[in-house]
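Below, each chain spelled out in residue letters.
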Amino acid sequence: MSRFQCGVAVLLILAAQSLSFAQSNRGELRLTVTDPAGLGVKTSVQIANPASQYQNTLTTSDQGTLDVTRLSYGIYQLTIEQPGFAPVSESVEIRSVLPLDRTIQLKVAPVTQTVNVNASATLIDPYSPGSVNQMGSETIQSRVTSLPGRSMQDLVNSEPGWLYEGNAVLHPRGSEYQTQFVVDGIPLTDNRSPSFGPEPAQVDNVDSLAIYTAGIPAEFGRKMGGVVEVNTAKNQDPGFHGQFSLSGGSYDSAGASTQDEYSWKGNTIAVSASGSMTSHYLNPVVPENYTNTGTIGSFSGSYERDLTPKDRLFVIFNYELARYQIPNELVQQNGAYLPNQNNTTGCPPAPPEPSDCVFIPGGQLQTGDNFETRGAVSYQHIFSPDVIGVLRGMARNNSLDFYSNPASWPLYVTQHNYFNEFYFNGSIAIHHNNQEWKLGVESDNTFLHENTSYVIPDCESLSNPQCPITLGILDATATTFAFTSSRPDLEQAAYVEDLIRLGLWTVNAGVRWDHYQLLLNQNAVSPRLAISRYFPTLDLNVHAAFDRIFQTPSFENILLASSPSAESIDTSIPALQLPVQPSHGDYYELGATKSFRGKLRVDANMFRRDVDNYADDSQLLSTGISFPIAFAKAILYGAEGKIELVNWGKFSGFASYSYIVGNAWYPVTGGLFLGDDSINPTSGHFPDSQDQRNTVRARLIYQVIPRLWLAFGCNYNSGLPFQPDQTPEQYASEYGQYVVSHLNFNRDRISPYFTQNASLGVDVYQHEKFTVRFQVDGENLSNTLELIDFGGLFSGNAIGPGRSAMARLTTIF
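Rules used in this analysis
- Residues numbered from 1 in each chain as written.
- Predicted model: local features only at pLDDT ≥ 70, side-chain atom pairs only at ≥ 80, totals over all residues.
- Heavy atoms only, no water.
- Helix = DSSP H or I, 4+ residues; strand = E, 2+ residues; numbered from the N terminus.
- Areas by Shrake-Rupley, 256 points an atom, 1.4 Å probe, with all protein chains shown as cover.
- Salt bridge = Lys/Arg side-chain N within 4 Å of Asp/Glu carboxyl O.
- Buried < 20%, exposed > 50% of the residue type's maximum accessible area, 1.4 Å probe, protein only.
- Pairing = 2+ DSSP bridges.
- Axes fitted to C-alpha atoms, helices over the stretch in contact; angles between N-to-C directions.
- pLDDT = per-residue confidence, 0-100.
- Contact = heavy atoms within 4.5 Å.
- Core = buried A, V, L, I, M, F, W, Y, C linked by side-chain atoms within 4.5 Å.
- Patch = residues over 30% accessible without salt bridge, like charges linked within 9 Å, V, L, I, M, F, W, Y side chains within 5 Å.
- Arc of directions from axis to C-beta.

Draft legend 1. Spatial organisation of the overall build of the protein chain. Helices and strands together make up the secondary structure of the protein chain, namely eight helices and 44 strands. If you sum the accessible surface of the protein chain, you get close to 32000 Å²; carbon and sulfur atoms cover 58% of it.

Here's what the structure looks like:
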């Protein structure tokens, strides 16, 4: 047994013998349905909360009991229609992590009676202290089918305030690489984009999402640009249940997934697996989409058991992998003559004097792969009707590799990085009158291992004008570099928060302490406050939030960028190296949520973020190897709005708008800078790389008949900034004139682009709880060049897919 396997085993044993957890604002409903005599009734119960997009129909046991777990805080409508009894519709409020016991006694039905369900009472959450974007199972199931590896990211990117910069890297409100996914209470703080790691969870296995960009509870820390809570699906009914999906379409894309579970007497065993492939895995740097295949797969198994009415154990295991190619530029793919240092006139396609030029033959092939093994366990114990405790533990191993073939240009690079992580969280929640206290501690120990090497051919000094040829010829004059290092990243935290209900006011106040030790040793105390006031006559919730944040740097290649040996990467150019410090900042938000006639919900927010040691990233020369850097400060501000239409006749959908202005200030305060980048101005500012002023997302769904629907959507992006360091003609030789024509060199911004999508969904077969669904999606219907970002090879150049179609067949049972 390896040391890592030993560590996983020890962690699982310790956590299973400990007591328990509470990481997120989710509760539990324990329902009992009886007849007039008090005997249990087996019946179907419909549970709905339009505010969180939750809707489910579950069945009570023979004794009339039903335990519904993982419910987001809010007001739920319970509807029961049982033959022989009068229909019932009641509301229940979930506002605590402690289980809520509720008994509904059915009455004998009169001759005729109907049930009226008042959905408007639950369209907004009147007692939510802050702004949280909720996404439920209906939205997830009817989503536009994504290319493999980015389904979860595409869902989050549809919310206001979120942007892609390339390769499905999410940027919330201008933050770089500061997104954390919390999967069933376990935080994943590393970069989960396709080029860095697997998806946080299989999207078909997800029941709901809760997305925070302000009013963030004190229990969340370290990566604070945005927090995405992922609640995996669980069928509460006993017996065997599952889902099987097949998908395929443009770019040779194909995929299959299955989620199956069996429940009996307080036990649930679940297994899921998926696999997919595509020839458009990353965002290419040119429209030709060279060398861009990808294959991903995953497997997970879990076991949950109610040991007693007060004790619950949950264990899960995940294995995920991805293998993919790195997209090529035109020169890297096809080859070209490039001028050497003595050539000032350039090179024609076939120069008569090859000694004045260097021939790059093309044929580069660079590949990457990622593997992750993860195990987690949680144990919950209810001490009393007002006190609950939880412990969670997680161990994982993640590896990331990068390979180059000998034809790679301008350098041959290899990388073998991996880390072992051991995470622990313990918390206790106490409910007292109108308050719910939550206290907790967490420890995250990550052991980093980095191994990077490369060779840069000295093409200009070779007597043979072909470069590169073989590594053997290049050894004499090439620049070589190799780096290997290991170091622990040790982070601890403690927090306390209080959710207070004061009539129509709701307050969530908390404070968090963090300790970070990797390259630096720092402590920070971060107060948080969210407050709201509900106006019943207007059906309006007004809220405000303040978040003090402490953000730890991304650890991808941080040892390389911080090592003194990095200054010898290329001794012919100057270098600047500074330790990357954590970011400190203040987030402010003011907003409101209003419901109109129970059919329309409007959210509007204004925000500002002031951040010191603003985190960004840079790349190692012309490679896909990135590392963290930091600037003195950044100021980000803007506004967001979202309109949601909830079942207005046959129509539903949403439209959102985001406006953001972001600027970062010199000097640089951390990271590695080479060549001209090492010149560190002492003052001045520049646009943040996510400074996209206007973003629009919209989708309208029309229910043609009960089993057939149509949807139409669109996306508008006003364009990110870029910093040109070449002429338009030079860029055209590398990326093509078609790409360059979408750049505005007068404003140093990418030109705006507008794309459209359409979907058709049909329930092919439906009987009781067995459903077969078919959906077909068309994206970028106008075949617009979607130039997401531009900054040169591996520095942010990213082009979205052209016109494409995908189909998905799903069987639910």
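Draft legend 2. Quick look at the pattern of salt bridges. The final tally for this structure, using the stated rule, is 35 salt bridges. Between R222 and D444 there is a salt bridge whose closest N-O contact spans 2.4 Å. Taken as a pair, R222 in the loop between strand 13 (206-212) and strand 14 (226-232) and D444 in strand 25 (residues 435-456) lie far apart in primary sequence, 222 residues in all. In this structure, R222 and D444 share a single accessibility class: buried. Here R601 and E644 are joined by a salt bridge, their closest N and O atoms 2.7 Å apart. With R601 in strand 32 (residues 600-619) and E644 in strand 33 (residues 626-648), the pair connects residues that are 43 residues apart, well separated along the chain. With respect to class, R601 is no different from E644; both count as buried. Several salt bridges converge on common partners, so that one network encompasses E28, R30, D67, R70, E304, D306 and R312.

Draft legend 3. The arrangement of the pairing of strand 22 (residues 366-384) in detail. Within strand 22, 15 of the 19 residues are buried, which leaves the element mostly enclosed by the surrounding structure. Of the pairings in the sheet, the one linking strand 19 (residues 311-325) to strand 22 comprises 15 bridges and is antiparallel in character. In the strand pairing of strand 22, R312 is matched with Q380. Looking at chain direction, strand 22 and strand 23 (residues 387-404) are connected through 18 bridges and run antiparallel.

Draft legend 4. Region of the structure containing the sheet that holds strand 4 (residues 65-72). The three strands lie next to each other as 4-1-7, forming an open sheet whose pairing is mixed. Only two strands of the sheet have a single neighbouring strand rather than two, namely strand 4 and strand 7 (100-105). Across the sheet, the mean angle separating the axes of adjacent strands is 25° when strand polarity is ignored. Bridge count for strand 1 (residues 26-34) against strand 7 is six bridges, and the pairing is parallel. Bridging across to strand 7, R30 finds its partner in D101.

Draft legend 5. Representation of the confidence of the model for the protein chain within the structure. In the predicted model, the protein chain carries a mean pLDDT of 86, and 88% of its residues have values of at least 70. Of the regions scoring below 50 in pLDDT, residues 1-23 engages in 55 contacts with residues more than four places distant in sequence or in other chains. Between residues 469-474, whose pLDDT stays under 50, and residues either more than four places distant or in other chains, the model counts five contacts.

Draft legend 6. Expanded view of unusual backbone geometry. Each neighbour pair has its own omega, and for Y666 with P667 the value is 0°, a cis peptide bond. Structurally, the position occupied by P667 is in strand 34 (residues 651-674). The backbone of K265 shows a phi angle near 40°, a positive value even though the residue is not glycine. Counting through the fold element by element, K265 comes out in the loop between strand 16 (253-264) and strand 17 (267-278).

Draft legend 7. View of the nonpolar core. Membership of the largest hydrophobic core comes to 28 residues, with the highest contact counts inside it found for Y281, Y324, L448, Y454, L518, I558 and L559. Of all the secondary-structure elements, those providing two or more residues to this core are strand 19, strand 23, strand 24 (412-432), strand 25, strand 26 (479-502) and helix 6 (558-562). With near-sequence residues (within four places) excluded, L448 lies in contact with Y418, F419, S485, S486, R487, D489, L518, F555, I558 and L559.

Draft legend 8. Here's a closer look at the sheet that holds strand 2 (residues 44-49). Pairing is antiparallel across the open sheet formed by four strands, whose spatial order is 3-2-5-6. One side of each edge strand has no neighbouring strand; the edge strands of this open sheet are strand 3 (54-59) and strand 6 (88-94). Within the sheet, the average angular offset between the axes of one strand and its neighbour, ignoring direction, is 20°.

Draft legend 9. Quick peek at a nonpolar patch on the surface. On the surface, F244, L246, L760, V764, Y765, F770, F774, V776 and L809 cluster together into a nonpolar patch covering about 710 Å² of accessible area. For the nonpolar patch, the elements supplying multiple residues, two or more each, are strand 15 (239-249), strand 40 (753-767) and strand 41 (770-779). Tracing the backbone shows F774 in strand 41.

Draft legend 10. Looking closely at helix 7 (residues 728-735). When helix 7 is considered as a whole, its buried residues turn out to be Y731, A732, E734 and Y735. When helix 7 is viewed along its axis, its buried side chains cluster within an angular range of 165° and face the same direction. Buried-residue contacts for helix 7 involve helix 4 (330-334) and helix 8 (737-740).

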